[in-house]
Amino acid sequence: MKKTLCIFLALSTMFLSVYATNSIPEADRLSCWNATVDSTDSSGNQRIYRMTVQPKIAFGGVMSMGTFSASNIEAYTTYAAQEWTTVGMPVNEVNIGSANIIVYAGKRQAMLLIDNTITATTYLLPGHTYFHNGTGQPEKNWYYNSDVKCGYISNFNKVVLIWDDIIGNKLDISEGTYKNVLLHEVGHALGWYGHSSNTTDIMHKAAKDSFLLTSRDVNHVKQIKGY
Amino acid sequence: MKKLTILACIILIIVVNVFILFSAENHNTFQNMLDNRPESVNPPNAMIIPGYETESVDDIIAYSHAVAVAKVEKIEEDSYDGIGYELKLAVDEVIWGECPYSELILFENLYGGHIKEGEEYLLFLRALNVYAYPENSYNIVGNGAYIIEDNTLYGTSKEADNWISDQNNTLDKMKDYLSKIPVAYTSNDNSIADSYDEVSAMYEVSDSVAKVKITSVFEENAIVDVIGIEIIENYKGSALSEEVKYLWPSEKNMAVEEEYFVFVDADGLPVAREGAIIGANDSNFNEAKEFLANK
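Since the structure is predicted, the reported quantities are computational estimates derived from the model, not experimental observations.

Enquirer: Outline the overall build of chain A, supporting the account with residue identities and numerical values.
Expert: If you tally the helices and strands in chain A, you get five helices and ten strands. Going through the 227 residues of chain A one by one, you find that 56% of them count as buried. Counting contacts in chain A only where the partners sit at least 6 residues apart, residues at least 24 apart contribute 72% of the total. For chain A, the accessible surface area stands at approximately 8900 Å², while carbon and sulfur atoms represent 53% of it.

So, in structure tokens, the structure goes:
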């Protein structure tokens with residue numbers, strides 16, 4: 001009896017000690033939509049979006065002169081839409097009035113007018129995806145499974161911004177890298193919240209001169225697509 | 001006696017358990033806070049160009065207009081569709097550069113979340129300097145927000161800890177360190193005026209001035225519309241192009257076929273917060289029409 005009691009108390013001590021330091025089992029962290037999400041937000045939540053509408057993309061225009069050619073960026077937008085469509089994530093090209101993903105290119109200063117949360121952190125980055133519905137009110141519905149945060153996006157504008165300067169200096173990156181940036185940002189608009197940890201993936205955080213989606217890019221989108 | 005021993009054991013173990021729980025939650029709260037900081041505030045949905053990462057105070061200061069100690073008075077968490085926050089700060093002390101405002105507006109994207117209401121920080125600041133925002137609008141440069149605890153500086157992300165060194169890891173040392181770095185920016189460099197009394201003065205500071213006809217309007221957000229133009233007459237410069245769309249104030253309610261005089265900088269942005277996009281109903285329309293007729 002005493003032995004049983006002691007074992008029970010010892011186990012409870014161990015349990016409480018472990019509980020106090022780590023209350024979320026690792027296995028639960030990736031259970032939300034069975035998605036494998038590499039990165040987390042600042043609160044430690046792993047996050048993914050699920051689109052509940054058909055992605056419709058439009059080129060919104062070049063916003064300031066920069067070094068961009070409007071026709072080039074329009075062609076890259078078409079390329080990104082076709083690439084994601086080819087791998088099973090159909091993205092329709094439409095006119096700007098009916099799009100829920102809009103691509104703008106220009107100088108960073110101009111992009112600030114669309115998304116003033118482009119902070120100095122992002123000054124050094126060539127692309128950004130901004131979610132808005134034009135009214136200031138989010139339409140995302142979030143739910144949690146353990147510490148994985150999942151959100152639906154419905155009729156929600158995703159604005160993909162790319163720019164070619166860092167604080168007045170031209171970003172000297174290649175055409176291939178611009179295509180890579182567009183593919184990457186459209187990937188976010190389609191549901192990727194975080195980044196891949198595999199450096200060869202388009203959805204890895206670093207821009208590079210490659211513009212073909214990998215199987216890992218594709219498989220993750222297949223996991224999270226919801227339409 | 002045995003019962004008493006068992007009872008004592010039980011009480012002891014319960015006390016130990018309670019102590020473990022209590023200490024796990026409360027032991028060294030500040031250290032726990034430091035341990036729970038994000039690895040980085042780099043936004044996870046943006047791309048990073050290899051080689052451009054910020055790695056030191058010298059890197060951060062190169063992009064900064066001012067460094068100040070300021071307290072976060074208010075965080076508007078619902079700002080910008082849950083994507084970013086607007087923060088209002090009270091400036092306690094400017095320790096480098098020029099920042100003539102006692103109150104600041106900062107914009108922080110969602111992936112930050114590292115700045116807390118009611119707390120005081122050492123901030124590396126860069127003026128937003130875009131016509132649509134108040135002149136006291138700033139961004140934080142990189143991970144340049146530091147917690148001040150007993151004069152010691154701690155990064156608001158773990159990564160930022162690596163950017164300070166023995167030479168500048170306290171507030172006093174940082175003041176001394178920055179005092180040796182020349183200031184490159186003053187508030188005079190903020191080129192966005194509220195307005196100009198005379199069209200002629202606005203003409204002088206403009207990179208391009210033209211009369212344009214609106215060919216397309218797309219409502220982007222509460223601040224700007226995306227505007228397509230046809231250039232009817234160009235009076236100065238070549239910054240404007242019919243191939244480019246422009247982000248001009250939505251409050252103008254521009255419509256297709258309407259005509260405007262526009263005074264813009266090299267990026268096609270208005271040179272003043274008010275009065276640089278002039279339509280037939282604006283008070284300075286006749287003045288602009290008369291002035292530009294002689295150009």
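Moving on from the coordinates now.
Enquirer: So what's going on with the overall build of chain B? Which residues, and what values?
Expert: The secondary structure content of chain B amounts to seven helices and eleven strands. Evaluated residue by residue, chain B yields a buried proportion of 48% over its 295 residues. Pairs at least 24 apart in sequence give 59% of the contacts found in chain B among residues at least 6 apart. On chain B, roughly 14000 Å² of surface is accessible, and the fraction owed to carbon and sulfur atoms is 48%.

Enquirer: Give a detailed account of the sheet that holds strand E10 (residues 259–264) of chain B, specifying residues and quantitative values.
Expert: All names here are of chain B. The five strands lie next to each other as E9-E8-E7-E10-E11, forming an open sheet whose pairing is antiparallel. Pairing within the sheet leaves two strands with one partner each, and these edge strands are strand E9 (246–249) and strand E11 (277–278). Direction of pairing for strand E7 (residues 208–219) relative to strand E8 (residues 224–236): antiparallel, over a ladder of ten bridges. Directly across from Ala-210, in E8, lies its bridge partner Asn-234. Lying on the sheet, helix H7 (residues 285–293) is in contact with E7, E8, E10 and E11; it crosses E10 at an angle near 75 degrees.

Enquirer: Tell me about the packing of aromatic side chains, residues and numbers included.
Expert: Scanning the entire structure with this criterion turns up nine aromatic pairs over all chains. Seen in terms of ring centroids, B:Tyr101 and B:Tyr138 are 6.3 Å apart; in terms of plane orientation they differ by 65 degrees. Their pairing is edge-to-face. Residue B:Tyr101 is located in the loop between strand E2 (84–97) and strand E3 (103–109), and its partner B:Tyr138 is located in strand E5 (residues 137–149); the two are separated by 37 residues in the primary sequence. By relative accessible area, which is 19% here, B:Tyr101 ends up buried. Its relative accessible area of 3% is what places B:Tyr138 among the buried residues. Relative to B:Trp248, the ring of B:Tyr246 has its centre 5.1 Å away and its plane inclined at 15 degrees; by these criteria the two rings are stacked. B:Trp248 matches B:Tyr246 in its accessibility class, with the two residues each being buried. What links up through ring pairs into an aromatic cluster is the set B:Tyr235, B:Phe261 and B:Phe285. The ring of A:Tyr79 is capped by A:Lys179, whose NZ or CZ atom sits 4.5 Å from the centre of that ring. Sitting above the plane of the B:Tyr203 ring, B:Lys236 keeps its charged end 5.0 Å from the centroid.

Enquirer: Explain the nonpolar core to me, and be specific about the residues and the numbers.
Expert: Ranked by internal contacts, the top residues of the largest apolar core, which has 36 residues, are A:Ile73, A:Trp84, A:Ile162 and A:Leu190. Looking at this core, the elements that each hand over two or more residues are strand E2 (56–62), helix H2 (70–86), strand E4 (101–106), strand E8 (157–163), helix H4 (175–189) and helix H5 (215–224) of chain A. Aside from chain neighbours lying at most four places away, what touches A:Ile73 is A:Phe59, A:Val62, A:Phe68, A:Val103, A:Ala105, A:Ile162 and A:Leu182. Counting 27 residues, the second largest nonpolar core, distinct from the first, contains A:Val159, B:Ile105, B:Leu128 and B:Tyr131.

Enquirer: Any chance you could break down a nonpolar patch on the surface for me, citing the residues and the numbers?
Expert: Residues and elements named next belong to chain B. Where nonpolar side chains cluster on the molecular surface, the patch consists of Leu-4, Leu-7 and Ile-11 and spans about 300 Å² of accessible area. Note that Ile-11 resides in helix H1 (residues 2–26). According to the relative accessible area criterion, Ile-11 is partly exposed, its value standing at 47%.

Enquirer: Go over unusual backbone geometry with me, naming the residues and quoting the values.
Expert: Phi is mostly negative for residues that are not glycine, and the peptide bonds are mostly trans. Residue and element names in this part refer to chain B. Although it is not a glycine, Asn-129 sits at a positive phi angle of roughly 55 degrees. Its location among the elements puts Asn-129 in the loop between strand E4 (120–127) and E5. If you check the backbone angles, Asn-253 has positive phi at about 50 degrees while not being a glycine. Note that Asn-253 resides in the loop between E9 and E10.

Enquirer: How would you explain H2(A) if you had to name every residue and give the values?
Expert: All names here are of chain A. Between its first and last C-alpha, H2 extends 24 Å over 17 residues, near the 24 Å set by a 1.5 Å rise per residue. Of the positions making up H2, those classed as buried are Ala-70, Ile-73, Tyr-76, Thr-77, Tyr-79, Ala-80, Ala-81, Glu-83 and Trp-84. Gly-88 sits one or two positions beyond H2 and adopts a positive phi of about 100 degrees.

Enquirer: Could you give an account of the confidence of the model for chain A, naming the residues involved and the relevant values?
Expert: All names here are of chain A. When the pLDDT values of chain A are averaged, the result is 74; 62% of them are 70 or greater. Model confidence for chain A, summarised as mean pLDDT per element, is weakest for helix H1 (residues 2–21) at 49 and strongest for strand E3 (residues 92–93) at 96. Taken as a whole, residues 13–31 scores under 50 in pLDDT and shows 24 contacts with residues more than four places along the chain or in a different chain.

Enquirer: Give a detailed account of the sheet that holds strand E5 (residues 127–132) of chain A, specifying residues and quantitative values.
Expert: All names here are of chain A. The strand order across the open sheet formed by five strands is E3-E2-E4-E8-E5, and the pairing between neighbours is mixed. The open sheet terminates on both sides in strands that have one partner only, identified here as E3 and E5. For E5 and E8, the ladder comprises six bridges, and the chain directions are antiparallel. Looking at E8, one finds that Tyr-130 is bridged to Val-159. Running at roughly 165 degrees to E2, H2 makes contact with E2, E3, E4 and E8 of the sheet.

Enquirer: Break down the side chain of B:Arg37 for me, citing the residues and quoting the values.
Expert: All names here are of chain B. Assignment of secondary structure puts Arg-37 in the loop between helix H2 (29–35) and helix H3 (57–62). Overall, the relative accessible area of 10% leaves Arg-37 in the buried class. Look past the residues within four positions of Arg-37 in its chain and what remains in contact with it is Ile-147, Tyr-154, Gly-155, Thr-156, Ser-157, Lys-158 and Asp-161.

Enquirer: Please set out the packing of H2(A) against H4(A) residue by residue, giving values where relevant.
Expert: Residue and element names in this part refer to chain A. With their axes 9 Å apart at the nearest point, H2 and H4 run at an angle of 50 degrees to one another. One element, H2, and the other, H4, form an angle in the oblique class. H4 is crossed by H2, and the crossing has right-handed handedness. Judged by residue contacts, Ile-73, Tyr-76, Thr-77, Tyr-79, Ala-80, Glu-83 and Trp-84 of H2 engage Glu-175, Tyr-178, Lys-179, Leu-182, Leu-183, Val-186 and Gly-187 from H4.

Enquirer: Go over the pattern of salt bridges, please, and point to the residues and values.
Expert: Tallied over the full model, the rule gives ten salt bridges over all chains. Between B:Asp267 and A:Lys107 there is a salt bridge; the shortest N-O distance is 2.8 Å. Placement of B:Asp267 in the loop between E10 and E11 and of A:Lys107 in the loop between E4 and helix H3 (108–111) is noted, with the two residues assigned to different chains. Looking at B:Asp267, the relative accessible area reads 14%, which means it is buried. The salt bridge partner of B:Lys180 is B:Asp176, with a shortest N-O separation of 3.4 Å.

Analysis parameters
Residues numbered from 1 in each chain as written. Chains lettered and ligands numbered in written order. Predicted model: local features only at pLDDT ≥ 70, side-chain atom pairs only at ≥ 80, totals over all residues. Heavy atoms only, no water. Helix = DSSP H or I, 4+ residues; strand = E, 2+ residues; numbered from the N terminus. Buried < 20%, exposed > 50% of the residue type's maximum accessible area, 1.4 Å probe, protein only. Contact = heavy atoms within 4.5 Å. Areas by Shrake-Rupley, 256 points an atom, 1.4 Å probe, with all protein chains shown as cover. Pairing = 2+ DSSP bridges. Axes fitted to C-alpha atoms, helices over the stretch in contact; angles between N-to-C directions. Phe/Tyr/Trp six-rings, centres within 6.5 Å; stacked < 30°, edge-to-face > 60°. Lys NZ or Arg CZ within 6 Å of the ring centre and 35° of its normal. Core = buried A, V, L, I, M, F, W, Y, C linked by side-chain atoms within 4.5 Å. Patch = residues over 30% accessible without salt bridge, like charges linked within 9 Å, V, L, I, M, F, W, Y side chains within 5 Å. Salt bridge = Lys/Arg side-chain N within 4 Å of Asp/Glu carboxyl O. Expected span 1.5 Å × (residues − 1). pLDDT = per-residue confidence, 0-100. Parallel < 35°, antiparallel > 145°, perpendicular 65-115°, else oblique. Left-handed = near helix turned anticlockwise from the far one by under 90°.

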